[in-house]
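Listed here are the chains, written in short residue letters.
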Amino acid sequence: MCFALMMVISQETNFLVLWAGFVLIAFLFYFPFKIFISTEVNMSFSNDLDDEYEKLFRRLNPPRVVIDNEACKNATVIRVDSANKHGKLLEVVQVLTDLNLIITKAYVSSDGGWFMDVFNVTDQDGNKVTDEAILDYITKSLGTESCFTSSMGSFGVKQSIDHTAIELTGSDRPGLLSEVSAVLAHLKCNVLNAEVWTHNMRAAAVMQVTDDETGSAITDPEKLSRVKELLCNVLKGSNKYRGARTVVSHGVTHTERRLHQMMFADRDYERANNDVLDEKQRPNVSVVNWYEKDYSVITIRSKDRPKLLFDTVCTLTDMEYVVFHANIDAEGPEAHQEYYIKHVDGSPVKSEAERQRIIQCLEAAIERRVSEGLKLELCTKDRIGLLSDVTRIFRENSLTVTRAEVTTRAGKAVNTFYVSDASGYPVDAKTIDSIRQATGQTILKVKGSPEELKPVSQESPTRFLFGGLFKSRSFVNFGLVKSYS
């Protein structure tokens, strides 16, 4: 019977049908003997069969992406239909946000094993997306071709021979960035790209560095060990209660996704008892159970900003909650997000402690990317020692860095810093002029008038961050960030 079935299948030209036949035969062959198989082997076979069935289902039902520039007057409408899996929503949102598109509205539904999303998006200027290259990239990334690539490709770790990845986490304190940059410079590590976040007196950074002698990834085991040891010592400082981590690898990760994971694991969402942050500054997050439908409903109201949806969806995914339905409205200055969720085990929120943890984690996810201070954009020719020089200049001018993005493009260091006066006062225009003079042949753009800056409380969770340690491309230095394993 099995042979006859195989003969029939072999005559089919569709490879997927042949694969389905093999899976069916395997199931029919093993099922009669199930009673004689041990529990462990039985569970293993069941899991393997489920995985194969899931892959087959996805291949037989590839994602469908429809991009419509006519349906909405002021936005491009993107519809994504596909087989559902945990993390699918984050995968879609990540593709859109990585293209710097603004999601103004979204509707999500994923009951019954099928994922259906509708997004209204615009470019940074609020216009419809008409660039054919971008539209084609979205179609390929979310459409049929995405079925034949790893589902973790955008979230996982990929090997790289071009650079070494360093992840840092630790307690924020005055001068931390200076110490980190000094260590990297001493070890002759050149920073290519870096992103640094600070929140609730914690700091995290993801950096891509090269060996100055070879211009590629650091391959010397002794040097790698030395880098990790010295940076970890700097991050620990005198804090005996909160740890620090340094991870060195040759992997490539999604930086913002990784930063959320690192700070979440570092429990930056836990607020101290003496935390005096104004309640009005916090996003409004509520969690209630809808018992009739067995869902927990999360409602978030906060000031809108770029990548807000990514930050909240990323956190829910990391906390192992599945979004079954969602409504997003961010067309005005305030964003409204509503999620209908369950834990991956199928249960809604079970306790008050779990409810409070969800609220705290979502508040932290939104606050991490909130930028305090004056925005400075620095562009200059990349060179060895640039990080140390810029760090010194910021420190000498008593500036604190609350967030930074460091990149190197075609020999140019292009960096964005959010800075404030270490004493809590507005940044003086004379300070900016001093920085311009000290940095020499650089292009320094100031976003926002220094006179309009509001004082930053000295108790601000990010006030020590990178104080003065600013830096252009080497900002990455901010090894001050945590290394996450």
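Here the structure is a predicted model, which means the values were calculated and not measured.

(A) Spatial organisation of the confidence of the model for the chain. When pLDDT is averaged along the chain, the result is 77, and 72% of the positions lie at 70 or above. Contacts from residues 27-46, a stretch scored under 50 in pLDDT, to residues over four places away or in other chains number six contacts.

(B) Structural detail: the pattern of salt bridges. This model, assessed by the stated rule, comprises 24 salt bridges. A salt bridge links Glu 256 to Arg 369, with the shortest nitrogen-to-oxygen separation between them at 2.9 Å. In this pair, Glu 256 sits in helix α8 (residues 255-265) while Arg 369 sits in the loop between α10 (352-368) and β15 (374-381), placing the two residues 113 residues apart along the sequence. Here Asp 345 ties to Lys 350 by a salt bridge, and the two come within 3.7 Å at their closest N and O atoms. Several salt bridges share partner residues, and in doing so they unite Glu 256, Arg 305, Lys 307, Asp 311 and Arg 369 into one network.

(C) Local environment of the packing of aromatic side chains. One pass over the full model with this rule turns up six aromatic pairs. A network of ring pairs unites the aromatic residues Trp 290, Tyr 295, Phe 324 and Tyr 340 as a single cluster. Positioned over the ring face of Phe 324 is Lys 342, at 5.5 Å from the centre of the ring.

(D) Focus on unusual backbone geometry. For Glu 320, which is not a glycine, the phi torsion comes out positive at approximately 65 degrees. Along the polypeptide, Glu 320 turns up in the loop between α9 (308-318) and β13 (321-329). Residue Ser 398 is not a glycine yet carries a positive backbone phi of 55 degrees. Mapped onto the secondary structure, Ser 398 falls in the loop between α11 (386-396) and β16 (399-409).

(E) Main features of the environment of Asp 68. Examined against the element boundaries, Asp 68 turns out to sit in strand β1 (residues 64-68). On a C-alpha basis, the gap between Asp 68 and Ile 78 in space is 6.4 Å, while along the polypeptide they are 10 residues apart. Here the side chain of Asp 68 touches Glu 70 through a polar contact of 2.7 Å, landing on its backbone nitrogen. Of note is the side chain of Asp 68, whose polar atom sits 3.2 Å from the backbone nitrogen of Ala 71.

(F) Spatial organisation of the environment of Arg 271. With respect to the helices and strands, the residue Arg 271 is situated in the loop between α8 and β11 (284-290). Along the primary structure Arg 271 and Ala 364 are separated by 93 residues, whereas in three dimensions their C-alpha atoms are 9.7 Å apart. There is a polar contact of 2.8 Å between the side chain of Arg 271 and the side chain of Glu 367.

(G) Local environment of α8. Here α8 lies mainly inside the structure; nine of its 11 residues are buried. Among the residues making up α8, those that are buried are Glu 256, Arg 257, Arg 258, Leu 259, His 260, Gln 261, Met 262, Met 263 and Phe 264. Just downstream of α8 lies Arg 267, where phi reads positive at about 60 degrees.

(H) Broad picture of the packing of helix α6 (residues 176-186) against α11. The contact between α6 and α11 brings their axes to 9 Å, and the two run at 160 degrees. Accordingly, the angle class assigned to the pair α6 and α11 is roughly antiparallel. Where α6 crosses over α11, the two elements pack in a sense that is left-handed. Contacts between α6 and α11 involve Ser 178, Ser 181 and Ala 185 from the first element and Leu 387, Ser 388, Thr 391 and Arg 395 from the second. Residues that form the contact of α6 with α11 fall into these classes: two nonpolar, four polar and one charged.

(I) Seen up close, the packing of α6 against helix α7 (residues 221-236). For the pair α6 and α7, the least separation of the axes is 10 Å and the interaxial angle reads 170 degrees. Relative to α7, α6 is oriented roughly antiparallel. Across from Leu 176, Glu 179, Val 180, Val 183 and Leu 184 in α6, the residues of α7 making contact are Leu 230, Leu 231, Val 234 and Leu 235. Here the residues of the contact of α6 with α7 are counted per class, giving eight nonpolar, no polar and one charged.

Conventions we followed
Residues numbered from 1 in each chain as written. Predicted model: local features only at pLDDT ≥ 70, side-chain atom pairs only at ≥ 80, totals over all residues. Heavy atoms only, no water. pLDDT = per-residue confidence, 0-100. Contact = heavy atoms within 4.5 Å. Salt bridge = Lys/Arg side-chain N within 4 Å of Asp/Glu carboxyl O. Helix = DSSP H or I, 4+ residues; strand = E, 2+ residues; numbered from the N terminus. Phe/Tyr/Trp six-rings, centres within 6.5 Å; stacked < 30°, edge-to-face > 60°. Lys NZ or Arg CZ within 6 Å of the ring centre and 35° of its normal. Polar contact = N/O pair within 3.5 Å; in protein donor to acceptor, adjacent residues only side chain to side chain. Buried < 20%, exposed > 50% of the residue type's maximum accessible area, 1.4 Å probe, protein only. Axes fitted to C-alpha atoms, helices over the stretch in contact; angles between N-to-C directions. Parallel < 35°, antiparallel > 145°, perpendicular 65-115°, else oblique. Left-handed = near helix turned anticlockwise from the far one by under 90°. Nonpolar A, V, L, I, M, F, W, Y, C, P; charged D, E, K, R; others polar.

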